[in-house]
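# Notes for the structure review
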Amino acid sequence: QVQLVESGGGLVQAGGSLRLACAASAPTFIRYGLGWFHQAPGKERKFVASIDWSGTTYYADFVKGRFTISRENAKMTVYLQMNSLKPEDTAVYYCAADTRAPWDRPATYDYWGQGTQVTVSS
């Protein structure tokens, strides 16, 4: 069983930055791919970024050049650095983990955190 706890959400003005963190409890953390998804009210959960067990990263087109995903295996934590935030980035951000690809689909992941709210004001 894997438990995931997100932190770092909040309210920020457009153009600002936030850094999300997701702390995992997983004895074999290095075997897991990790993803960030977001979900706005009334909309489907959408892929944002992911990083597989080898450190290869994947990004949705709408965050390329603005967001960076990274992982720190010693701390069993995955991060999402979000820069140049836009009002349309407003959503609940979820961390997810699994051992199987593909890494850009919600259906891949068996383990999810509770989410952290990100609100970007214009």
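As a starting point, this report considers the structure included with it. Since this is a predicted model, take the numbers as computed values, not measurements. (Residues numbered from 1 in each chain as written. Predicted model: local features only at pLDDT ≥ 70, side-chain atom pairs only at ≥ 80, totals over all residues. Heavy atoms only, no water.)

All chains considered together, the criterion is met by 1 disulfide. Residue pairing for C22: its cysteine sulfur links by disulfide to C95, the two sulfurs lying 2.2 Å apart. Its S-S torsion of approximately -80° makes the covalent link between C22 and C95 left-handed. A residue pair is termed long-range when its members are at least 10 positions apart, and C22 in strand β3 (residues 18-25) and C95 in strand β9 (residues 91-98) qualify at 73 residues. Looking at C22, the relative accessible area reads 1%, which means it is buried. (Disulfide = S-S within 2.5 Å. Helix = DSSP H or I, 4+ residues; strand = E, 2+ residues; numbered from the N terminus. Buried < 20%, exposed > 50% of the residue type's maximum accessible area, 1.4 Å probe, protein only.)

The 4 strands lie next to each other as β1-β3-β8-β7, forming an open sheet whose pairing is antiparallel. Among the strands making up the open sheet, the edge pair consists of β1 (3-7) and β7 (67-72). Put simply, the sheet's adjacent strands are angled 15° from each other on average, direction ignored. In this structure, β7 lies alongside strand β8 (residues 77-82), joined through 6 bridges in antiparallel fashion. (Pairing = 2+ DSSP bridges. Axes fitted to C-alpha atoms, helices over the stretch in contact; angles between N-to-C directions.)

Attention shifts here to the nonpolar core. Membership of the largest hydrophobic core comes to 34 residues, with the highest contact counts inside it found for W36, V48, F67, V78, L80, M82 and Y93. Elements that contribute at least two residues to this core include exactly β3, β4 (33-39), β5 (46-51), β7, β8, β9 and β11 (116-121). Looking at this core, the element that brings in the most residues is β9, giving 5 residues. (Core = buried A, V, L, I, M, F, W, Y, C linked by side-chain atoms within 4.5 Å.)

Honestly, that's just the spatial picture; any functional story needs more than this.
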